[in-house]
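Chains, contacts and geometry: an overview
Okay, here's what each chain looks like letter by letter:
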Amino acid sequence: MFDNLNWWEIGALLLLALLIFGDRLPAVINDGLRMVRNLRRMATNATSDLSRELGTDIQLEDLHPKAFIRKHLLSEEDEAAIRKPLQGVYDNLRADVTGVHDELKDVAAAADVRPKGARPATATGGAPTAPAPRVSYDDAT
C-alpha cells in the first residue's frame, strides 16, 4: 500500500496527523479501524446473503461482474460459444494488422536513403531511445 512512500514521507505524514489531531489522534485511529471493520463485516454479510439467495458459494472476489458471470451464470459451453465468433474476428484482424505492419516496414526499408549501417540521429546526438512498452487491453481487464 505504501510502496511508493519512503520513511521520511511516512514520518512527515505521521507528524502532520499529530499536529492536526493532537490529543485526539488515538480516538481518530480507533474510529478509522472501527469503520474498516464495519465495512469488512458488511461485505462479508452481503456475500453470504447473495450466496444464500443464489444457492451457490460466492467469494468476495467473485463480485466483479466479469468473474460473477463467468463463474455463476455461464457454463463452459456457453462461454466457448460466445468466444468462438469473436475469436475468429480477432484472428482475422490480427492477421490484417500484421500484414499491414510488414508492408509498412518493407516500404520504409525501400524508402530509406541512408547508407547501410548508419544509425538514425536523435535530438541529443546520443543513441535512439527505445519506445515505451504498450499496454494491452487484456492486461487492464
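Scroll up to find the structure this text is about.
As the structure is a computational prediction, the values presented were derived from the model and not from experiment.

About the criteria used
Residues numbered from 1 in each chain as written. Predicted model: local features only at pLDDT ≥ 70, side-chain atom pairs only at ≥ 80, totals over all residues. Heavy atoms only, no water. Helix = DSSP H or I, 4+ residues; strand = E, 2+ residues; numbered from the N terminus. Buried < 20%, exposed > 50% of the residue type's maximum accessible area, 1.4 Å probe, protein only. Contact = heavy atoms within 4.5 Å. Areas by Shrake-Rupley, 256 points an atom, 1.4 Å probe, with all protein chains shown as cover. Expected span 1.5 Å × (residues − 1). Polar contact = N/O pair within 3.5 Å; in protein donor to acceptor, adjacent residues only side chain to side chain. Patch = residues over 30% accessible without salt bridge, like charges linked within 9 Å, V, L, I, M, F, W, Y side chains within 5 Å. Salt bridge = Lys/Arg side-chain N within 4 Å of Asp/Glu carboxyl O.

Check the secondary structure of the protein and you find five helices and zero strands. Starting at the N terminus, the α and β elements of the protein follow one another as α-α-α-α-α. In the protein, which comprises 141 residues, the share counted as buried stands at 5%. A sequence separation of at least 24 residues applies to 3% of the contacts in the protein between residues at least 6 apart. Here the protein displays about 13000 Å² of accessible surface, and carbon together with sulfur accounts for 62% of that area.

Attention now moves to the side chain of S51. Mapped onto the elements of the fold, S51 is located in helix α2 (residues 25–54). Every residue in contact with S51, bar those within four places of it in the chain, is listed here: T56, D57 and I58.

Below, the discussion takes up α2. Counted at 1.5 Å a residue, the expected span for α2 with its 30 residues is 44 Å, and the 43 Å between its end C-alpha atoms agrees. Regarding α2, the residues found buried are L25, T47 and S51. The inward-facing, buried residues of α2 contact α1 (7–21). Just past α2, the residue G55 takes up positive phi, approximately 80°.

Bringing α1 into the picture now. Its 15 residues give α1 an end-to-end C-alpha distance of 21 Å, which sits within 8% of 21 Å, the value for a rise of 1.5 Å per residue. Capping of α1 at its N-terminal end is provided by N6; its side-chain oxygen lies 3.1 Å from the backbone amide nitrogen of W8. Note on α1: the residue one or two positions beyond its end, G22, has a positive phi of about 60°.

Glancing now at a nonpolar patch on the surface. On the surface, L13, L16, I20, F21 and V28 cluster together to form a nonpolar patch covering roughly 410 Å² of accessible area. When residues in the nonpolar patch are grouped by element, the largest group, four residues, is from α1. One can find I20 in helix α1. We classify I20 as exposed; its relative accessible area is 53%.

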